[in-house]
Amino acid sequence: LLAAPALRTMSGRRYLVGYRDRALLHVGFLLGLRRSELAGLVIGDLGRDEASGYPTLTVLVAKRREHRLRALRPEVLAAIHDYLDARATPLRRDELPAEAPLFVQHRRLAGGPEVGIQPGHVDYIVRRWAKEAGIKRSASGGARGQVSAHSMRGTFITRALGAGANLQLVAT
(Lines give C-alpha, C1' and ligand atoms only; values in the text may rest on other atoms or scores of the structure.)
Protein backbone atom coordinates (compact mmCIF):
# COMPACT_ATOMS: atom_id res chain seq x y z
CA LEU A 1 0.00 0.00 0.00
CA LEU A 2 2.87 2.38 0.76
CA ALA A 3 4.10 1.96 -2.83
CA ALA A 4 0.66 2.35 -4.43
CA PRO A 5 1.06 6.04 -5.39
CA ALA A 6 3.22 5.38 -8.50
CA LEU A 7 4.66 8.87 -8.80
CA ARG A 8 6.54 8.34 -12.04
CA THR A 9 3.26 7.85 -13.93
CA MET A 10 1.66 11.08 -12.67
CA SER A 11 1.83 14.67 -13.86
CA GLY A 12 0.55 18.09 -12.77
CA ARG A 13 -1.69 18.23 -9.71
CA ARG A 14 -1.98 14.44 -9.63
CA TYR A 15 1.80 14.31 -9.19
CA LEU A 16 1.60 16.55 -6.13
CA VAL A 17 -1.38 14.63 -4.72
CA GLY A 18 0.57 11.39 -5.19
CA TYR A 19 3.46 12.77 -3.14
CA ARG A 20 1.06 13.97 -0.45
CA ASP A 21 -0.75 10.65 -0.28
CA ARG A 22 2.49 8.65 -0.18
CA ALA A 23 3.78 10.81 2.71
CA LEU A 24 0.45 10.55 4.55
CA LEU A 25 0.38 6.76 4.18
CA HIS A 26 3.95 6.50 5.49
CA VAL A 27 3.18 8.68 8.51
CA GLY A 28 -0.10 6.86 9.19
CA PHE A 29 1.14 3.29 8.85
CA LEU A 30 4.59 3.71 10.39
CA LEU A 31 3.58 5.96 13.31
CA GLY A 32 0.09 4.58 13.96
CA LEU A 33 -1.67 7.95 14.02
CA ARG A 34 -5.43 8.48 14.13
CA ARG A 35 -7.00 10.24 11.15
CA SER A 36 -7.66 13.41 13.16
CA GLU A 37 -4.03 13.43 14.30
CA LEU A 38 -2.85 13.15 10.68
CA ALA A 39 -5.19 15.91 9.51
CA GLY A 40 -4.09 18.20 12.36
CA LEU A 41 -0.34 18.09 11.67
CA VAL A 42 1.41 21.37 10.78
CA ILE A 43 4.86 22.12 9.38
CA GLY A 44 6.03 23.24 12.83
CA ASP A 45 5.41 19.72 14.18
CA LEU A 46 8.50 18.53 12.31
CA GLY A 47 11.66 18.83 14.38
CA ARG A 48 14.74 17.19 15.82
CA ASP A 49 15.37 15.70 19.23
CA GLU A 50 17.77 18.04 21.04
CA ALA A 51 19.80 15.25 22.64
CA SER A 52 20.14 12.81 19.73
CA GLY A 53 19.48 15.04 16.72
CA TYR A 54 17.04 12.38 15.48
CA PRO A 55 14.13 13.69 13.34
CA THR A 56 10.83 13.86 15.22
CA LEU A 57 7.18 14.69 14.77
CA THR A 58 5.18 16.31 17.56
CA VAL A 59 1.65 14.87 17.53
CA LEU A 60 -1.37 16.24 19.37
CA VAL A 61 -2.85 12.98 20.66
CA ALA A 62 -6.57 13.14 19.90
CA LYS A 63 -7.95 11.28 22.90
CA ARG A 64 -5.72 12.95 25.49
CA ARG A 65 -5.30 16.45 24.05
CA GLU A 66 -1.59 16.30 24.88
CA HIS A 67 1.50 16.46 22.68
CA ARG A 68 3.68 13.39 22.12
CA LEU A 69 7.04 13.31 20.39
CA ARG A 70 7.42 10.53 17.80
CA ALA A 71 10.71 9.54 16.19
CA LEU A 72 10.63 9.56 12.38
CA ARG A 73 12.08 6.60 10.54
CA PRO A 74 14.26 7.57 7.55
CA GLU A 75 11.69 6.38 4.99
CA VAL A 76 8.94 8.46 6.64
CA LEU A 77 11.13 11.56 6.72
CA ALA A 78 12.12 11.02 3.07
CA ALA A 79 8.46 10.73 2.01
CA ILE A 80 7.59 13.93 3.91
CA HIS A 81 10.55 15.82 2.45
CA ASP A 82 9.72 14.63 -1.10
CA TYR A 83 6.17 15.95 -0.66
CA LEU A 84 7.25 19.26 0.83
CA ASP A 85 9.86 19.77 -1.90
CA ALA A 86 7.19 19.15 -4.57
CA ARG A 87 4.70 21.42 -2.80
CA ALA A 88 6.97 24.29 -1.80
CA THR A 89 7.35 26.00 -5.18
CA PRO A 90 8.33 28.86 -5.20
CA LEU A 91 9.31 28.58 -1.52
CA ARG A 92 11.91 26.12 -0.30
CA ARG A 93 10.76 23.41 2.09
CA ASP A 94 12.38 25.19 5.05
CA GLU A 95 10.58 28.45 4.20
CA LEU A 96 7.05 27.09 4.67
CA PRO A 97 5.34 28.76 7.67
CA ALA A 98 5.34 26.68 10.88
CA GLU A 99 1.56 27.02 11.22
CA ALA A 100 0.87 25.79 7.66
CA PRO A 101 -0.86 22.40 7.48
CA LEU A 102 1.48 19.52 6.73
CA PHE A 103 -1.04 17.77 4.46
CA VAL A 104 -3.08 20.16 2.31
CA GLN A 105 -5.98 19.94 -0.10
CA HIS A 106 -4.78 20.58 -3.62
CA ARG A 107 -8.12 21.74 -5.02
CA ARG A 108 -7.97 25.42 -4.27
CA LEU A 109 -8.25 28.59 -6.25
CA ALA A 110 -4.99 29.86 -7.72
CA GLY A 111 -3.29 32.05 -5.16
CA GLY A 112 -5.73 31.06 -2.41
CA PRO A 113 -4.60 29.97 1.04
CA GLU A 114 -3.54 26.40 1.64
CA VAL A 115 -6.21 24.45 3.49
CA GLY A 116 -5.44 21.32 5.50
CA ILE A 117 -7.11 18.03 4.73
CA GLN A 118 -10.01 16.91 6.90
CA PRO A 119 -10.12 13.63 8.86
CA GLY A 120 -12.69 12.17 6.45
CA HIS A 121 -10.31 12.84 3.57
CA VAL A 122 -7.72 10.60 5.25
CA ASP A 123 -10.21 7.69 4.97
CA TYR A 124 -10.75 8.51 1.29
CA ILE A 125 -6.98 8.52 0.63
CA VAL A 126 -6.44 5.16 2.36
CA ARG A 127 -9.39 3.53 0.57
CA ARG A 128 -8.33 4.97 -2.81
CA TRP A 129 -4.81 3.58 -2.63
CA ALA A 130 -5.91 0.27 -1.08
CA LYS A 131 -8.20 -0.22 -4.07
CA GLU A 132 -5.36 0.74 -6.44
CA ALA A 133 -3.10 -1.83 -4.70
CA GLY A 134 -5.80 -4.53 -4.93
CA ILE A 135 -6.42 -4.65 -1.16
CA LYS A 136 -10.09 -5.37 -0.51
CA ARG A 137 -10.26 -6.25 3.18
CA SER A 138 -8.45 -5.09 6.28
CA ALA A 139 -6.70 -7.74 8.35
CA SER A 140 -6.99 -5.47 11.40
CA GLY A 141 -10.77 -5.59 11.43
CA GLY A 142 -12.41 -2.23 11.01
CA ALA A 143 -16.01 -1.71 10.03
CA ARG A 144 -16.99 -4.97 8.33
CA GLY A 145 -13.33 -5.54 7.42
CA GLN A 146 -13.16 -2.47 5.17
CA VAL A 147 -9.84 -0.74 4.70
CA SER A 148 -9.93 2.67 6.39
CA ALA A 149 -7.70 5.19 8.13
CA HIS A 150 -8.15 3.17 11.30
CA SER A 151 -6.59 0.20 9.49
CA MET A 152 -3.29 2.12 9.56
CA ARG A 153 -3.40 2.35 13.34
CA GLY A 154 -4.39 -1.30 13.71
CA THR A 155 -1.57 -2.39 11.41
CA PHE A 156 0.94 -0.30 13.37
CA ILE A 157 -0.19 -1.73 16.71
CA THR A 158 -0.18 -5.33 15.45
CA ARG A 159 3.34 -4.96 14.00
CA ALA A 160 4.69 -3.21 17.12
CA LEU A 161 3.31 -5.88 19.46
CA GLY A 162 4.63 -8.61 17.16
CA ALA A 163 8.07 -7.03 17.43
CA GLY A 164 7.89 -7.19 21.24
CA ALA A 165 6.83 -3.62 22.06
CA ASN A 166 5.25 -2.82 25.43
CA LEU A 167 1.43 -2.76 25.17
CA GLN A 168 1.09 0.39 27.30
CA LEU A 169 3.61 2.28 25.16
CA VAL A 170 1.94 1.19 21.94
CA ALA A 171 -1.51 2.17 23.21
CA THR A 172 -0.40 5.79 23.65
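Parameters and conventions
Residues numbered from 1 in each chain as written. Predicted model: local features only at pLDDT ≥ 70, side-chain atom pairs only at ≥ 80, totals over all residues. Heavy atoms only, no water. Helix = DSSP H or I, 4+ residues; strand = E, 2+ residues; numbered from the N terminus. Buried < 20%, exposed > 50% of the residue type's maximum accessible area, 1.4 Å probe, protein only. Contact = heavy atoms within 4.5 Å. Areas by Shrake-Rupley, 256 points an atom, 1.4 Å probe, with all protein chains shown as cover. Expected span 1.5 Å × (residues − 1). Arc of directions from axis to C-beta. Core = buried A, V, L, I, M, F, W, Y, C linked by side-chain atoms within 4.5 Å. Pairing = 2+ DSSP bridges. Axes fitted to C-alpha atoms, helices over the stretch in contact; angles between N-to-C directions. Salt bridge = Lys/Arg side-chain N within 4 Å of Asp/Glu carboxyl O.

Asks: Explain the overall build of the chain to me, please; I cannot follow it from the model alone.
Replies: The helix and strand tally for the chain stands at six helices and three strands. For the chain, the succession of helices and strands along the chain, N to C, is α-α-β-β-β-α-α-α-α. Taking all 172 residues of the chain together, 41% fall into the buried category. Pairs at least 24 apart in sequence give 52% of the contacts found in the chain among residues at least 6 apart. If you sum the accessible surface of the chain, you get close to 9800 Å²; carbon and sulfur atoms cover 53% of it.

Asks: I would appreciate a short explanation of helix α4 (residues 119–132) in the present structure.
Replies: Two residues of an α-helix separated by three or four positions point the same way, owing to the 3.6 residues in each turn. Its 14 residues place the ends of α4 21 Å apart at the C-alpha level, agreeing with the 20 Å of an ideal helix rising 1.5 Å per residue. Looking at α4, one finds that the buried residues are V122, D123, I125, V126, W129 and A130. Down the axis of α4, the sector holding all buried residues measures 160°, keeping them to one side. The exposed residues of α4 that point more than 90 degrees off its buried face are K131 and E132. Of the residues one or two after α4, G134 is the one with positive phi, at around 80°.

Asks: Would you explain the nonpolar core in this entry?
Replies: Here is a general trend for soluble globular proteins: nonpolar side chains tend to be buried in one another's company. Counting 36 residues, the largest nonpolar core has V27, L41 and F103 as the members making the most contacts within it. Where this core is concerned, the elements lending two or more residues are α1 (12–31), α2 (35–39), β2 (55–61), α3 (74–87) and α4. The element contributing the most residues to this core is α1, with nine residues. Every residue in contact with V27, bar those within four places of it in the chain, is listed here: G32, L33, L38, L41, L57, V76, I80 and F103.

Asks: Looking at this structure, I do not really get the sheet that holds β2. What am I missing?
Replies: Hydrogen bonding along the main chain pairs the strands of a sheet, whether they run parallel or antiparallel. Here we have three strands laid out as an open sheet, ordered β1-β2-β3, and antiparallel in their pairing. Each of the sheet's edge strands pairs with one partner strand only, and the pair in question is β1 (46–48) and β3 (66–71). With direction set aside, neighbouring strand axes in the sheet form an average angle of 40°. In this sheet, β3 lies alongside β2 in antiparallel orientation, the contact comprising six bridges. Pairing of V61 across the sheet is with E66, part of β3.

Asks: What is the right way to look at the pattern of salt bridges in this model?
Replies: The tally for this structure, following the rule as stated, stands at seven salt bridges. The partner of D123 in a salt bridge is R35, with the nearest N and O atoms 2.6 Å apart. Of this pair, D123 sits in helix α4 while R35 sits in helix α2, and the two are 88 residues apart along the sequence. Using a relative accessible area of 12% as the deciding quantity, one classes D123 as buried. The closest approach of N and O atoms between E75 and R73, which form a salt bridge, is 2.6 Å. Through salt bridges with shared partners, one network takes in R20, D21 and R128.

Asks: Is there a simple way to think about the side chain of R87 in this case?
Replies: Following the sequence through the fold, R87 ends up in helix α3. R87 gets classed as buried once you look at its relative accessible area, which sits at 6%. Excluding its chain neighbours within four sequence positions, the residues that come into contact with R87 are L16, I43, A100, P101, L102, F103, V104 and E114.

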